[in-house]
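# Close look at the chain arrangement
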Amino acid sequence: MTNYFPSHRSYLLLLLLATILTIHSPNLPVHAFAMSALSSTITWNTERRTLPSRHVNTSTPILIGYAHNVQSGKAEQAIRDGANVIIWSFLHFQSSETEHAPEEDDEGTSSSQRPQHKGVIQTDLDLNKIRTLRNKYKHVIHLAAFGGWNGPHPPTSFTGREWCDAFVEFNRLHGYPFDGIDLDYEGHDDLHSPTAAFTSDTLNILADLSTHAKRNYGMIVSMAPAESYLDATASEDGPDAAFSLRLDLAPRAWTSSVHASEEDRALIEAAGFSHAGRQCYAYVLAKAGVETFDWVSIQLYEAYSPLAHELARRKIDPVHALMERVNRLTSGYVVRDIPGLASSEYEVKVPLSKLVLGVANRWADGLKFCKVDATWLRSAYQSTVAEYGEGFLGIMFWTIEEEGSDPDSRFTLQLSRAFETENDRSEDSSSQEL
């Protein structure tokens with residue numbers, strides 16, 4: 001059978017049929033029948049995209065932006081401005097309880113109905129429009145981000161492999177809007193919440209999910225740890241280089257490092273901030289292997305991150321601060337006390353071909369959330385090329401939702417111009433609708 005997307009007219013007919021059928025089945029989503037028919041005409045092997053090889057180890061990094069509202073047109077504008085990857089936030093793994101049909105024993109007697117847990121994926125993203133955008137720009141990769149701050153962690157009633165299979169089916173039913181997954185699991189505002197800490201079971205799920213997605217389905221797989229979750233600048237002989245499941249710790253650069261001042265500690269105490277982690281994503285890398293991930297995006301914009309302290313309080317040269325992270329991550333640093341390994345120590349080592357620096361765009365205040373200029377990133381990239389013969393893979397930013405309408409307020413465009421990325425955009429293209 002030829003693989004193709006149905007024509008617009010065919011899809012409308014499918015949607016009309018779905019609407020008619022749903023009148024008699026109000027508990028089913030209107031798009032369920034249409035999407036089932038749509039997904040039967042395409043396959044993962046024909047739809048999946050790979051990381052553009054022309055961007056790997058060349059003169060320009062890939063540009064990655066997180067987005068949520070496809071209807072705003074900002075994601076499309078970011079693509080025109082030079083974005084190569086859009087990561088859609090967020091999707092969540094959930095466990096719902098259903099009931100078995102009555103079972104019969106050996107004598108034919110029916111037993112009572114028993115509860116059955118079913119793994120489902122929930123999101124409020126407009127998947128139809130994401131798929132339309134993906135089909136319009138063939139060179140752009142779209143990932144599904146799972147997690148987020150205050151987001152639920154995956155229920156441990158299913159394995160990572162089972163959650164991966166659930167996502168594959170979800171992606172198929174919706175016409176393959178996504179080329180892979182991004183792990184962005186974090187903590188919670190409420191320190192009493194169960195997700196104010198990781199569990200070993202949760203981290204095992206993330207490792208197994210990633211491994212299965214890469215090995216069995218060939219998906220693009222990425223992770224986006226907050227800087228404290230994979231902290232390359234922590235002193236290797238101090239407590240901050242030791243693994244912890246906790247996500248309710250004080251930010252070490254502002255409170256316990258040798259560079260923390262009394263003013264820094266007073267600021268954190270006044271803010272009541274205790275939401276840092278400590279090397280927790282090292283566990284996932286150790287279990288899954290760095291080869292499982294197409295890239296690792298370090299969230300340098302984490303609240304009160306080590307980088308924020310260096311730039312805002314210590315006034316470290318920003319390019320030097322960025323290069324320290326590039327050097328430490330690529331040369332490797334040791335994390336101690338990781339459970340369940342042959343050795344309790346693990347060397348975190350992210351090759352340049354997988355390293356992505358994550359920054360904030362114009363919403364950052366420059367104190368709690370560090371501001372990073374596009375020209376600093378260009379200088380760091382050029383320094384990396386000069387030192388290693390290649391640059392780091394990419395630059396990620398949060399979030400496309402904060403991009404403005406004029407050129408000076410669009411961070412994607414600033415990055416493209418800083419790296420002299422070729423684009424065929426025009427300044428009035430921002431008014432074009434999907």
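Residues numbered from 1 in each chain as written. Predicted model: local features only at pLDDT ≥ 70, side-chain atom pairs only at ≥ 80, totals over all residues. Heavy atoms only, no water.

## Things to note about the overall build of the chain
When you go through the chain residue by residue, the secondary structure sums to 14 helices and eleven strands. Within the chain, the fraction of its 434 residues that count as buried is 52%. Here the analysis covers contacts within the chain between residues at least 6 apart in sequence; of these, 78% occur between residues at least 24 apart. Working note: accessible area of the chain is about 19,200 Å², and carbon and sulfur atoms make up 49% of it. (Helix = DSSP H or I, 4+ residues; strand = E, 2+ residues; numbered from the N terminus. Buried < 20%, exposed > 50% of the residue type's maximum accessible area, 1.4 Å probe, protein only. Contact = heavy atoms within 4.5 Å. Areas by Shrake-Rupley, 256 points an atom, 1.4 Å probe, with all protein chains shown as cover.)

## Let's talk about the pairing of strand β10 (residues 355-360)
The buried count for β10 comes to six of six residues, which makes it a mostly enclosed element. Here β10 shows no split at all, with L355, L357 and V359 on one side and V356, G358 and A360 on the other all buried. Judged from the four bridges that link them, strand β7 (residues 295-299) and β10 form a sheet pairing that is parallel. By the bridge assignment for β10, S297 is matched with V356. Here β10 pairs with strand β11 (residues 394-398) via five bridges, running parallel. Bridge pairing links G358 to M396 in β11. Each parallel crossover has a hand, and for β10 linked through helix α13 (residues 374-388) to β11 it is right-handed. (Pairing = 2+ DSSP bridges. Right-handed = clockwise from strand over helix to strand, strands pointing away.)

## A look at helix α6 (residues 160-173)
Along its 14 residues, α6 runs 20 Å from first to last C-alpha, staying within 8% of the 20 Å computed at 1.5 Å per residue. Among all positions in α6, only G160, W163, C164, F167, F170 and N171 are buried. Down the axis of α6, the sector holding all buried residues measures 120°, keeping them to one side. Phi for G175, located one or two positions after α6, is positive at around 75°. (Expected span 1.5 Å × (residues − 1). Arc of directions from axis to C-beta.)

## Considerations on the packing of aromatic side chains
One pass over the full model with this rule turns up 19 aromatic pairs. Measuring from ring centre to ring centre gives 6.0 Å for W44 and Y176, while their planes differ by 40°; the resulting arrangement is tilted. Of the two residues, W44 is situated in helix α3 (residues 44-47) and Y176 in the loop between α6 and β5 (180-185); the sequence distance between them amounts to 132 residues. We note that W44, like Y176, is buried. Between F93 and F146, the aromatic rings sit 4.2 Å apart at their centres with planes inclined by 5°, giving stacked as the arrangement. Remark: F146 occurs in strand β4 (residues 141-148) and F93 occurs in strand β2 (residues 85-99); sequence separation between them is 53 residues. The exposure class assigned to F93 is buried, which follows from its relative accessible area of 3%. Relative accessible area serves as the criterion here: at 0%, F146 is assigned to the buried category. Taken together, the ring pairs connect F93, F146, F158, W163, F167 and F178 into an aromatic cluster. (Phe/Tyr/Trp six-rings, centres within 6.5 Å; stacked < 30°, edge-to-face > 60°.)

## Observations concerning helix α5 (residues 127-136)
Because each turn of an α-helix spans 3.6 residues, side chains separated by three or four positions in sequence point in the same direction. Considered for burial, the residues of α5 that qualify are L127, I130, R131, L133 and R134. Viewed end-on, α5 has its buried residues packed into an arc of 160°, placing them on one side of the element.

## Considerations on the packing of α6 against helix α7 (residues 200-217)
Closest axis-to-axis distance for the α6/α7 pair is 7 Å, and the angle between their directions is 55°. Compared by their axis directions, α6 and α7 come out oblique. Taken as a pair, α6 and α7 cross one another with a handedness that is right-handed. Between α6 and α7, the contacting residues are G160, R161, W163, C164, D165 and V168 on the first element and I205, D208, L209, H212, A213, N216 and Y217 on the second. (Axes fitted to C-alpha atoms, helices over the stretch in contact; angles between N-to-C directions. Parallel < 35°, antiparallel > 145°, perpendicular 65-115°, else oblique. Left-handed = near helix turned anticlockwise from the far one by under 90°.)

## Things to note about empty space enclosed by the protein
By rolling a water-sized probe across the atoms, one finds the places where empty space is left. Going through the model one piece at a time under the given rule, you end up with one cavity of 30 Å³ or more. Lining the largest cavity, in full, are W44, F167, V168, N171, R172, Y176 and M219. With four residues, the top contributor of residues to the lining of the largest cavity is α6. Residue composition of the lining of the largest cavity, grouped by class: five nonpolar, one polar and one charged. (1 Å grid on protein atoms, 1.4 Å probe; cavity = no way out; pocket = protein on both sides within 12 Å on 5 of 7 lines; lining within 4 Å. Points joined across faces, edges and corners; volume = space filled by probe spheres on them. Nonpolar A, V, L, I, M, F, W, Y, C, P; charged D, E, K, R; others polar.)

## Remarks on the pattern of salt bridges
Applying the stated criterion across every chain yields a total of 15 salt bridges. A salt bridge links R80 to E76; the shortest N-O distance between them is 3.0 Å. Of this pair, R80 and E76 both sit in helix α4 (residues 74-81), four residues apart, roughly one helical turn. The class for E76 is buried, based on a relative accessible area of 1%. A salt bridge links E310 to R325; the nearest nitrogen and oxygen atoms lie 3.0 Å apart. Of this pair, E310 sits in helix α11 (residues 306-312) while R325 sits in helix α12 (residues 318-331); the two residues are 15 residues apart in sequence, bridging distant segments of the chain. With a relative accessible area of 7%, E310 lands in the buried category. (Salt bridge = Lys/Arg side-chain N within 4 Å of Asp/Glu carboxyl O.)

## Digging into the side chain of D240
One can find D240 in the loop between β6 (220-223) and α8 (252-255). The side chain of D240 is buried and forms no salt bridge, while R252, the nearest opposite charge, is found at 4.7 Å. With residues near it in sequence (within four places) discarded, D240 still touches A234, R252, S256, R278 and Q279. (Lys, Arg positive; Asp, Glu negative; His and termini not counted.)

## Points about the packing of α12 against α13
One way to put it is that α12 packs onto α13 with a least axis distance of 9 Å and a crossing angle of 45°. Of the possible angle classes, the one that applies to α12 and α13 is oblique. Judged by the sense of rotation from one axis to the other, the crossing of α12 with α13 is right-handed. Contacts between α12 and α13 involve P318, V319, L322, M323, V326, N327 and T330 from the former and W376, L377, S379, A380, S383, T384, E387 and Y388 from the latter.

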